[in-house]
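Architecture and fold: a report
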Amino acid sequence: HYSGLEEAVYRNIQACKELAQTTRTAYGPNGMNKMVINHLEKLFVTNDAATILRELEVQHPAAKMLVMASHMQEQEVGDGTNFVLVFAGVLLELAEDLLRMGLSVSEASDIVIEGYEKACKKALEILPDLVCCSAKNLRDVEEVASLLHTPVMSKQYGNERFLAKLIAQACVSILPDSGHFNVDNIRVCKIVGAGISASSVLHGMVFKKETEGDVTSVKDAKIAVYSCPFDGMITETKGTVLIKNAEELMNFSKGEENLMDLQVKAIADSGTNVVVTGGKVADMALHYANKYNLMLVRLNSKWDLRRLCKTVGATALPRLTPPTLEEMGHCNSVYLSEVGDTQVVVFKHEKEDGAISTILIRGSTDNLMDDIERAVDDGVNTFKVLTRDKRLVPGGGATEIELAKQITSYGETCPGLDQYAIKKFAEAFEAIPRALAENSGVKANEVISKLYAVHQEGKKNVGFDIEAEAAAVKDMLEAGVLDTYLGKFWGIKLATNAAVTVLRVDQIIMAKPAGGPKPPSGKKDWDEDQND
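Residues numbered from 1 in each chain as written. Predicted model: local features only at pLDDT ≥ 70, side-chain atom pairs only at ≥ 80, totals over all residues. Heavy atoms only, no water.

Note the threshold: UniProt positions are given in the numbering used here, feature names are shortened, and annotations may be inferred rather than shown by experiment.
If you look the chain up in an unreviewed UniProt entry, it shows as T-complex protein 1 subunit theta from Calyptomena viridis. Annotation of the chain in UniProt includes, under Subcellular location (unreviewed entry), the sentence "Cytoplasm". The UniProt entry for the chain carries this comment under Sequence similarities (unreviewed entry): "Belongs to the TCP-1 chaperonin family."

Right, dumping it as structure tokens:
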């Protein structure tokens, strides 16, 4: 029987192991999809760990530590969330074996934590030696597409070549000279119908909207953007007008019409031919917009309005005043198009170096398109990581096995009890090729023994071949299966931190709301004196 202290540690480890097991079967290109129904009863079908964790409601505080570590990986790198979970889960599983060896839990925990921290430090020292190549030119679409195969492949196995090419075109077209790439500048527009192969890239923005007026296409567009409704000005105070006869009624509405006419005419005279508004469009304003051949587009989202301003170089105006040349936006063409049976408005830049690119995704169902969007997100994030650090390490479990081999050797040179923890840390790396092999339906032990045999000969870049029928290995550099250096670096660091944090916890203390009588509900002012 364990004491209460030991019981708490083992329960924490158990909760984390169960969470890691959930996403482990989703690891790699052959990973199984999960069907997640969130608290709003929305259905997600995906093998993306970040999405699964975001939609799950994890209650256990220790398991939440792993979730937080994987969220940090998502923010830092944008990919590799599943690696963090699987690796941290295995570190805790192996720590449990060490804790059961007979020392008291507090002593054993200290030894394991010390060993894990030493091993993590050593792993991050070894990692730069495992870099197999670097990205040479991030403005070459073909090269970038080949580097994006691996992250896209893990989400959309079979479509990775087509999607990687689309993502590369979009990213390269908006990469600024400074090299500071912003992920938000790649927009995704999903339209049901056709198939994945009908997806395309547009320089500019696409909105699932219809135009308001009669004009549906404008070349060499000069754009005025208004954050207010396209309507006459309404006074702050209400006034009462007494109308005695029909003539006064006619004159009253005529004044309003003339004012609206002058406003719209002034906008048209400034050279504007496209008006984008963030509010409602009044019928009278629409009539005059048609009269002066203005194209009218209404965007409900203020975020869309801001992004459009960024794309076309316009300034959003708070009142219906004619824009100056500096406040006006420009793009080559604005037109209403039909994709499938969905009406879309396209703001298109002909020149390559636009501020924003849109990837137009087609697919048969919403769930499928959501999954493609997640693959696109991973690809775009990988490109951003490459703009920060161009180094790449071999994928397919090659890096992990090499780290396991070298850290095991390092563990043997360490005196003291923490060498056991260092060796367990090395063993934890085997979980990655093991998960890839198990999810591909191949005997994992056979794969790992073959990988170790090849790595002993000094072939650092050899990893598991997921496309082979049996347990086979191949050179990952030649196969083009590459992971980003930063992705691995942060993954190892965050997973170790999460595991060590969980091992340091020996009690979970939950604060509950205090007891006592509840205040009466229903009456709002129950505690005020009644003066009746």
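1. Focus on the packing of helix H4 (residues 81-99) against helix H5 (residues 105-126)
The following threshold applies: Fitted lines through C-alpha atoms give the axes, limited to the stretch in contact for helices. The angle between two N-to-C directions lies from 0 to 180 degrees. Only runs of H or I of at least four residues qualify as helices and only runs of E of at least two qualify as strands under DSSP, and these elements are numbered from the N terminus. Any angle that falls under 35 degrees is termed roughly parallel, while one over 145 is termed roughly antiparallel, one within 65 to 115 roughly perpendicular, and all others oblique. The sense of a crossing depends on the near helix, which, turned anticlockwise from the far helix by less than a right angle, makes the crossing left-handed and, turned clockwise, makes it right-handed. A contact between two residues is defined here by any heavy atoms of the two lying within 4.5 Å.
Interaxial distance between H4 and H5 falls to 10 Å at its minimum, and their mutual angle equals 135°. Relative to H5, H4 is oriented oblique. Our pair here, H4 against H5, has a crossing hand that is right-handed. Here Leu91, Leu94, Ala95, Leu98 and Leu99 of H4 come into contact with H5, specifically with Val105, Ala108, Ser109, Val112 and Tyr116.

2. Things to note about the domain arrangement of the chain
To be explicit about the condition: Each domain's extent is set by a domain assignment, obtained either automatically or from a database.
With domains assigned, the chain is organised as domain 1 (4-132 + 393-504), domain 2 (136-193 + 364-389) and domain 3 (201-309 + 318-346). Spacing between the C-alpha centres of domain 1 and domain 3 amounts to 55 Å.

3. Concerning the pairing of strand S13 (residues 391-394)
Sheet faces and side chains relate simply in a regular strand, where the side chains alternate between the two faces. Note the threshold: In this analysis, strands are considered paired if DSSP registers two or more bridges between them.
Judged from the two bridges that link them, strand S3 (residues 133-134) and S13 form a sheet pairing that is antiparallel. Across the sheet, Ser134 pairs through a bridge with Arg391, a residue of S13.

4. What to know about unusual backbone geometry
Most peptide bonds adopt trans geometry, and most residues besides glycine take a negative phi value. Its identity as a non-glycine residue notwithstanding, Glu41 has a phi of 65°, on the positive side. Positive phi values are uncommon outside glycine, yet Asn293 reaches one of about 55°. If you trace the backbone, Asn293 turns up in the loop between helix H9 (283-291) and strand S8 (295-298).

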